[in-house]
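Listed here are the chains, written in short residue letters.
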Amino acid sequence: MASILLFFSLCFCGWLIYFNMADKRIAFTLIGGNALIFAFIFIILVRLNQDIELRKQAEGRLKENQAWLQSILDNSTSLIYIKDQEQRYVMVNRRFREVLQVQDSQVIGRTDRDFSEEAAADHYKLLDDEVIRSGKSLEIETVVESQGKDVHLLSIKFPLLDNNGSPIGIGGIATDITERVQYQQQLIAATRDAHKAKEMQELFLANMSHEIRTPMNGIQGMTDLLLDTMLTDQQKEFARIIKRSAGNLLVIINDILDFSKIKAGKLAIEKIDFRPKDVLDNVKGIFDHRVKKKDITLQATIDPAIPDSLRGDPYRLNQVLINLIGNAVKFTDKGSVKLHVGLQDRTATAITLLFSVADTGIGIPEASLPYIFDHFSQGGVDISRRYGGTGLGLAISHRLVQLQGGSIVAESIEGRGSVFSFQLTYGYTSTEAAVSPAAVAATLADYSQCLAGKRFLVAEDNEINRQLVEHVLRRGGGVVQLAGNGEEAVRHLEQDENYDLIIMDLQMPVMDGYAATRRIRGELGSQIPIIAMTATALIGERVRCFEVGMNDYMTKPFEFSDLYRRILALSPRVLTAVS
């Protein structure tokens, strides 16, 4: 505006001079031309002044917008920056400066090499080059040090393009993910600790099993040997009480171990041929003495339409029936316990059976029925005190039935008795499978000759168990060589391989059963059958035994007849020798 007034003043002075000229015609011509020039310049000056004002307003708005943008960037929790084509920083926000502990003067117009370590700067340059080259964004995770602590950043680098789509720089946004990384690390650590705790639990259970089973094997085995000697009636009764007490303790240990296996999802279900009648006879034989002592009856019946041979898991069926009948006998003081196996459904290759165990015992309160299959659940608060037990038997039975694809239900009237029913589906064929050979049964009827002439190598570190196994094998007519650990067993085999079977303990000093078996199968190349015998019963131990080359697996304490049966199954020549 001042320039316009100055110009107007000069023009006005010029007009006064022209107006006082003698030649008015020339004066008016000059005044007119001057006025035109004045008008033209005046218009130009006004337009320029308007443009200047507009530019000032635009610059003001730009500065205001820049202030807004900077305020937004500075209050962002992410690190934000812009680089030019030469990878020099053009702009950084407050969070960037705080985390990297730098000032604008240290960053703006500089590259990463000016304030970062050489290796890190080279890495950033490679990433920037890749973004410029590919024209695509790039996501990376980096770790920087801030105030003596590691800060984990998840960064996204992206190209900045002009109107023609050509790259003019690089933008970057980095989010602090330190808390998330720390949470993930804590989660990993917690998972690792949980696995370790689980392994410790399994190891504790295994060690507990080993420490209890080892002496109990001696107690139960020596009691069986004692019962085969000349005893008075009172002495036999005392010995039977010892055997039953050891058996009760074994049931509790097995329940705890099975419960652990079920929780870990590592309980295997077999698929082998078996005779359901044999399972029922075995279960009935287990409880015959107990029901006679309580003066109650135990009946076991089976539908004649059921095939003689089925395919499934007889061991788990046996375990479920023992649990159910054991409870029925325990809670029944008068009357009877009845086991019935009925035919529920049948196809060309499968058959569904309904097992029911009914008793006339104390029954279960109606309020307790919905929880009767829960872990550590019993029918009443005083049941454990009056009758004993862990409260795991029914929970394990319930899960075992489920693992075999069946279902189990309980019905009861307090004071009148209970009925437990479960259904299972088994495979079968029209041809009968010889599961329990008559030769084996006949031989076992007189086990004093079942191992006649056979030589056995027994590797066992526990002296009592060595004596027990030696007695059992010698009673069967076998010749026994004892070894205190795996190394001794291997040494005996190196000197003489003329053994028909090896019984191998797993946990032994100097050399355990696994290492000894690997040497026997590997270095010696021997294929002599090996039966693993352990008091540990660790989850997965059976599979590991077969992996190293053992032929069978059994846990302590063991029944003599079971050991003989396994030996005969692995040494068919024995049957030929004694038949």
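Chemist: Explain the pairing of strand S3 (residues 138–146) residue by residue, including any values.
Modeler: As paired elements, S3 and strand S4 (residues 149–161) share nine bridges and run antiparallel to each other. Across the sheet, Thr-142 pairs through a bridge with Leu-153, a residue of S4.

Chemist: Summarise the sheet that holds strand S16 (residues 530–534); cite the residues concerned and give the values.
Modeler: Pairing is parallel in the open sheet, where five strands are placed in the order S14-S13-S15-S16-S17. A strand with exactly one partner marks an edge of an open sheet, and here the two such strands are strand S14 (479–483) and strand S17 (552–555). Averaged over all adjacent pairs, the angle separating strand axes in this sheet is 20°, with direction ignored. Here strand S13 (residues 455–459) runs beside strand S15 (residues 501–505); their pairing, made up of four bridges, is parallel. When the sheet's bridge partners are listed, Leu-457 is paired in S15 with Ile-502. The strands that helix H15 (residues 513–521) touches are S15 and S16; relative to S15, the one it contacts most, it runs at about 150°. Sheet strands touched by helix H17 (residues 560–570): S13, S15, S16 and S17. Its angle to S17, the strand with the most contacts, is close to 175°.

Chemist: Summarise the sheet that holds strand S1 (residues 79–84); cite the residues concerned and give the values.
Modeler: Taken together, the five strands give an open sheet; going across it, the order is S2-S1-S5-S4-S3, and neighbouring strands pair in antiparallel fashion. The sheet is open, and its two edges are formed by strand S2 (89–92) and S3, each paired on a single side. Along the sheet, successive strands turn relative to each other by an average axial angle of 25°, direction set aside. With nine bridges joining them, S4 and strand S5 (residues 167–176) adopt antiparallel strand pairing. Following the sheet pairing, Phe-158 is matched in S5 by Gly-171. Contacting S1, S3, S4 and S5, helix H5 (residues 118–134) runs over the sheet at an angle of about 155° to S3.

Chemist: Run through the environment of Gln-449, naming residues and quoting values.
Modeler: Residue position: Gln-449 is located in the loop between helix H12 (438–445) and S13. As a C-alpha pair, Gln-449 and Arg-475 span 26 residues in sequence and 7.8 Å in three-dimensional space.

Chemist: Lay out the pattern of salt bridges in plain terms, naming residues and giving numbers.
Modeler: When their charged atoms lie close together, side chains carrying opposite charge are able to pair. A full pass over the atoms with the stated rule returns 27 salt bridges. Among the ionic pairs, Glu-487 bridges to Arg-491, the shortest N-O distance being 3.8 Å. With a gap of four residues between them, Glu-487 and Arg-491 both fall in helix H14 (residues 486–495), about one helical turn apart. By relative accessible area, Arg-491 is classed as partly exposed at 39%. One network of salt bridges, in which partners are shared, links Lys-83, Asp-112, Asp-128 and Lys-157.

Chemist: Explain the packing of helix H9 (residues 314–330) against helix H11 (residues 393–403) to me, and be specific about the residues and the numbers.
Modeler: Viewed as axis vectors pointing N to C, H9 and H11 meet at an angle of 145°, and their least axial separation amounts to 10 Å. Handedness of the crossing formed by H9 with H11: left-handed. Contacts between H9 and H11 pair Arg-316, Gln-319, Val-320, Asn-323, Leu-324 and Asn-327 from the former with Gly-393, Leu-394, Ile-396, Ser-397, Leu-400 and Val-401 from the latter. Classifying every residue of the contact of H9 with H11 by side-chain character gives six nonpolar, five polar and one charged.

Chemist: Requested: an account of the packing of aromatic side chains, with residues and values cited.
Modeler: Overall, the coordinates contain seven aromatic pairs when judged by the stated rule. Plain terms: the ring middles of Phe-274 and Tyr-426 are 5.4 Å apart, the flat faces sit at 75° to each other, and that makes the pair edge-to-face. Of this pair, Phe-274 sits in strand S6 (residues 272–274) while Tyr-426 sits in strand S12 (residues 417–427); the two residues are 152 residues apart in sequence, bridging distant segments of the chain. Among the aromatic residues, those joined into a cluster by ring pairs are Tyr-81, Tyr-89 and Phe-96. The aromatic ring of Tyr-499 is capped on one face by Arg-455, whose charged end is 4.5 Å from the ring centroid.

Chemist: Please give an account of H5 that cites residues and values.
Modeler: In this model, H5 (17 residues) spans 24 Å end to end at C-alpha, consistent with the 24 Å of a helix rising 1.5 Å per residue. Within the span of H5, buried status applies to Ala-121, Tyr-124, Leu-127, Asp-128 and Val-131. Taken down its axis, H5 places every buried residue within 125° of arc, on the same side. Exposed residues pointing more than 90 degrees away from the buried face of H5 are listed as Glu-118, Ala-119, Leu-126 and Arg-133. Residues of H5 that are buried in the fold lie against S1, S3, S4 and S5. Directly beyond the C-terminal end of H5, a positive phi value near 70° is found at Gly-135.

Chemist: Describe the side chain of Asp-552, naming the residues involved and giving the relevant values.
Modeler: You can see Asp-552 is positioned in strand S17. Taking relative accessible area as the criterion, Asp-552 reaches 13% and is therefore assigned buried. Look past the residues within four positions of Asp-552 in its chain and what remains in contact with it is Ile-530, Ile-531, Ala-532, Phe-546, Arg-566 and Leu-570.

Definitions and cut-offs
Residues numbered from 1 in each chain as written. Predicted model: local features only at pLDDT ≥ 70, side-chain atom pairs only at ≥ 80, totals over all residues. Heavy atoms only, no water. Pairing = 2+ DSSP bridges. Helix = DSSP H or I, 4+ residues; strand = E, 2+ residues; numbered from the N terminus. Axes fitted to C-alpha atoms, helices over the stretch in contact; angles between N-to-C directions. Contact = heavy atoms within 4.5 Å. Salt bridge = Lys/Arg side-chain N within 4 Å of Asp/Glu carboxyl O. Buried < 20%, exposed > 50% of the residue type's maximum accessible area, 1.4 Å probe, protein only. Left-handed = near helix turned anticlockwise from the far one by under 90°. Nonpolar A, V, L, I, M, F, W, Y, C, P; charged D, E, K, R; others polar. Phe/Tyr/Trp six-rings, centres within 6.5 Å; stacked < 30°, edge-to-face > 60°. Lys NZ or Arg CZ within 6 Å of the ring centre and 35° of its normal. Expected span 1.5 Å × (residues − 1). Arc of directions from axis to C-beta.

Read these as layout, nothing more, since geometry by itself doesn't imply function.
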